[in-house]
Amino acid sequence: MIRTAVIGGGISGIAAAFYLQRYGCEVDLYESADRIGGRIGSECFDGNWLDFGGKNIGRKYRRFREFVSEQGGMDFEYFGFNTSQVINGKVVRLSKEKDRLFNILRVLSLAGFGGTMRLLPLIQAVQKDHQQGYLNTPYFNAIAEQFDSKPLSSFFPTGCTEHLIRPVTVRMNGAEPEEYYPGNFGSNLALVLDSYEQLKQGMHALLDRFRENAKLINILTGKHVRAVERIGNTITLHYSSGGEDATAAYGRVIVAIPAIQAATLFGDTLPELSALLGQVRYYPVAVAIAKYEESVFPDMQRAMVFDRHSPLSNAGAYGIHDLDIVRYTFSGKTARSTIAPESVPEEVIALGEKIIEPYFTIRKNCRRFFVYKYINPGLCAYSPYHYRTLGEINDLLRLFDGLALTGDYHSGASIEACFRAAEASVERLMQQDTA
Ligand SMILES: Cc1cc2nc3c(=O)[nH]c(=O)nc-3n(C[C@H](O)[C@H](O)[C@H](O)COP(=O)(O)OP(=O)(O)OC[C@H]3O[C@@H](n4cnc5c(N)ncnc54)[C@H](O)[C@@H]3O)c2cc1C
């Protein structure tokens, strides 16, 4: 049996291990932290498990839902799409729940004629073929070739950029439209066109199930891989564990960590690969979740996005029935200049409360508890001509049998895209075995 390792115990590594297990492979799953989950991780406070990162699951997340059902199945609850923003002093709502036609007209008016003409063909491409809603697909690679010399802010008119495009890129990629490129936008559109649920028991319950069911997967937490090197016919991992350095040799390795972290593994051994991985951009995101004595949001207005002058990019109800729990997300340029890794959580959340106070019931609504996390690397914003970068990475990997890479920079940042990329990385290694 070929010894197989996966580096990274986030959802990409979990997905890779899951697909390897389907092939009957025994897997060592290396995770530097003391538990798996990475950016779908949760924290427990006062008996409440709260998810900080990825938790909204699209109805079109086929692979992820298959994974959940193979863990024994779990209940989902409706999350929906319901948001609002302030434009010229007026609160403008967008929701897929009621008045569908009214909302479509509202989107069109926010996009303006020029924006609509730009958006329509992109939307149609994703609607016609859902596969175009990932990174590195023919339609959007052609868009990249034509337009990636300039950022997304040059692709759409200003009004459309500020009111429709920015809320999407800042939320999903932590990037302003001037930091994001047209060729990558299909991966955002697919998410906007989906509708959402979340796991009733949260992501931590799914991770528990995965640990219980992981018959062929040896989960090695607290093991930080520092370098990956080919020695003879094997791939050697240099890792540290409890302050001690160690090595382990494998026939197959899948690296399932963010590109900028993967770059450090190959700095000495494959500098060209390391340089390419280093081109992929990530932006930090701070998330605070606070529970209040009473409902903060009314039923039909469960979230709000804020403009580029605000460090708070959006605030929303944790779930459709959790109107008293606010999830504050700080991302984008102003957030980066306002909030640092060492910022005091209490001050960050007070800032969030001050920003939402004019619109929601926060004053005199007693805060019962909050949890806070500064996530870095947080959100992946890829690179201009990103598909070319991926092509060059794949070309280099052809010279390195037994090694595959996966993660949020391959197909897209959504949980489903992480599964899609992980599946492809496993298929690649299996094909090498049979070649
Ligand atoms: C705030 C936020 C909200 C999001 N919301 C959604 C959402 O609602 N729906 C959705 O679909 N997606 C969402 N996403 C995106 C999605 O959650 C992420 O893209 C996905 O979780 C990334 O998983 P990953 O495994 O690729 O990376 P990570 O989660 O970062 O996992 C990498 C793991 O590898 C470990 N590691 C790193 N380096 C090493 C090393 N050298 N050795 C060993 N271990 C290492 C890390 O500790 C980590 O556990 C969100 C992301 C964020 C940040």
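Remember, predicted model here, so these are calculated numbers, not experimental data. (Residues numbered from 1 in each chain as written. Predicted model: local features only at pLDDT ≥ 70, side-chain atom pairs only at ≥ 80, totals over all residues.)

1. Here's the deal with the overall build of the protein
No. 1: Of the regular secondary structure elements, the protein holds 14 helices and 20 strands.
No. 2: Along the three orthogonal principal directions, the C-alpha set of the protein runs to about 65 × 50 × 40 Å.
No. 3: Per-residue burial over the protein gives 47% buried out of 435 residues.
No. 4: The long-range share in the protein, meaning contacts at least 24 apart out of those at least 6 apart in sequence, stands at 71%. (Helix = DSSP H or I, 4+ residues; strand = E, 2+ residues; numbered from the N terminus. Buried ≥ 20, exposed ≤ 12 C-beta atoms within 10 Å, placed from the backbone. Contact = placed C-beta atoms within 7 Å.)

2. Overview of helix α1 (residues 11–22)
No. 1: With twelve residues, α1 ought to run about 16 Å at 1.5 Å a step, and its terminal C-alpha atoms sit 16 Å apart, in line with that.
No. 2: When you tally the buried positions in α1, you get ten out of twelve residues, the bulk of the element.
No. 3: Within α1 the residues assigned to the buried category are Ile 11, Ser 12, Gly 13, Ile 14, Ala 15, Ala 16, Ala 17, Phe 18, Tyr 19 and Leu 20.
No. 4: One or two residues past the end of α1 sits Gly 24, with phi positive at roughly 80°. (Expected span 1.5 Å × (residues − 1).)

3. Remarks on the site of the ligand
No. 1: The local shell around the ligand holds 35 residues, among which Gly 8, Gly 10, Gly 38, Gly 54 and Asn 56 are the closest.
No. 2: If you list the elements that add at least two residues to the shell around the ligand, you get α1, β2 (27–31), β11 (223–231), β15 (281–292), β19 (367–382) and α14 (415–434).
No. 3: A domain-level breakdown of the shell around the ligand finds at least three residues from each of domain 1 (4–42 + 203–280 + 383–434) and domain 3 (282–381). (Near = placed C-beta within 6 Å. Domains from an automatic or database assignment.)

4. Remarks on the environment of Glu 244
No. 1: Structurally, the position occupied by Glu 244 is in strand β13 (residues 244–250).
No. 2: Overall, Glu 244 belongs to the exposed group, with 7 C-beta atoms counted inside 10 Å.
No. 3: When the C-alpha positions of Glu 244 and Lys 223 are compared, they lie 9.8 Å apart, and in sequence the two are 21 residues distant.

5. A short note on the domain arrangement of the protein
No. 1: Taken domain by domain, the protein holds domain 1 (4–42 + 203–280 + 383–434), domain 2 (97–194) and domain 3 (282–381).
No. 2: When each unit is reduced to the centre of its C-alpha atoms, the spacing between domain 1 and domain 3 is 32 Å.
No. 3: In the side of domain 1 that touches domain 3, the residues fall into five nonpolar, one polar and two charged. (Nonpolar A, V, L, I, M, F, W, Y, C, P; charged D, E, K, R; others polar.)

6. Some details on the pairing of β13
No. 1: Sheet topology note: the strand β12 (residues 234–241)/β13 ladder contains seven bridges and is antiparallel. Of the residues in β13, the one forming a bridge with Ser 241 is Glu 244.
No. 2: What sits between β12 and β13 in their antiparallel hairpin is a turn of two residues, with Gly 242 showing a positive phi close to 55°. (Pairing = 2+ DSSP bridges.)

7. Structural notes on the sheet that holds strand β6 (residues 76–78)
No. 1: Here we have three strands laid out as an open sheet, ordered β5-β9-β6, and antiparallel in their pairing. With partners counted over all chains shown, the strands left at the sheet margins are β5 (56–58) and β6, one partner each. Each strand axis lies, on average, 45° off the axis of its neighbour in the sheet, ignoring direction.
No. 2: Note: β5 against strand β9 (residues 196–199), three bridges, orientation antiparallel. In the strand pairing of β9, Gly 58 is matched with Tyr 196. (Axes fitted to C-alpha atoms, helices over the stretch in contact; angles between N-to-C directions.)

8. Section: the packing of α1 against α14
No. 1: Two elements in contact, α1 and α14, have axes separated by 8 Å at closest approach and are oriented at 45°. Between α1 and α14, the crossing angle belongs to the class labelled oblique. The element α1 and its partner α14 pack so that their crossing is right-handed. Two secondary-structure elements touch here, α1 through Ile 11, Ser 12, Ala 15, Ala 16, Tyr 19 and Leu 20 and α14 through Ile 415, Cys 418, Phe 419, Ala 421, Ala 422, Glu 423, Ser 425 and Val 426.
No. 2: Grouping the constituent residues of the contact of α1 with α14 by class yields eleven nonpolar, two polar and one charged. (Parallel < 35°, antiparallel > 145°, perpendicular 65-115°, else oblique. Left-handed = near helix turned anticlockwise from the far one by under 90°.)

9. Some details on the nonpolar core
No. 1: In terms of nonpolar packing, the biggest core is built from 127 residues, with Val 6, Ala 15, Ala 16, Val 253, Val 255 and Ala 288 touching the most fellow members.
No. 2: For this core, the element with the highest residue contribution is β15, accounting for nine residues.
No. 3: If near-sequence neighbours (up to four positions away) are discounted, Val 6 is found in contact with Gly 13, Ala 16, Ala 17, Val 27, Leu 29, Tyr 30, Ile 254 and Ala 256. (Core = buried A, V, L, I, M, F, W, Y, C linked by C-beta atoms within 7 Å.)

10. Considerations on unusual backbone geometry
No. 1: Going from Asn 376 to Pro 377, the amide bond is cis rather than trans, its omega being 0°.
No. 2: Positive phi is not limited to glycine here, since Asn 88 has a value of about 50°.
No. 3: Note that Asn 88 resides in the loop between β7 (82–87) and β8 (90–95).
No. 4: Looking at Asn 88, the number of C-beta atoms within 10 Å reads 5, which means it is exposed.
No. 5: Of note, Tyr 382 is a non-glycine position whose phi angle comes to about 60°, a positive value.
No. 6: In this fold, Tyr 382 is placed in strand β19.
No. 7: What makes Tyr 382 buried here is the crowd of 28 C-beta atoms within 10 Å.

11. Details of the sheet that holds strand β10 (residues 217–221)
No. 1: Read from one edge to the other, the open sheet built from five strands follows the order β10-β2-β1-β14-β20, with strand pairing classed as parallel. Here the strands that pair on one side only, and so sit at the sheet edges, are β10 and β20 (403–405). Adjacent strand axes in the sheet meet at a mean angle of 15°, parallel and antiparallel pairs treated alike.
No. 2: Pairing geometry for strand β1 (residues 4–7) and β2, over four bridges, is parallel. Paired with Thr 4 across the strands is Val 27, a residue of β2.
No. 3: Against the sheet, α14 engages β14 (252–255) and β20, with an angle of about 165° to β20.

12. Focus on the pairing of strand β17 (residues 314–317)
No. 1: Pairing geometry for strand β16 (residues 303–305) and β17, over three bridges, is antiparallel. Residue pairing in the sheet places Ala 303 in a bridge with Gly 316 of β17.
No. 2: The sheet contact formed by β17 and strand β18 (residues 325–330) spans four bridges and is antiparallel. Within the sheet, the bridge partner assigned to Gly 316 lies in β18 and is Arg 327.

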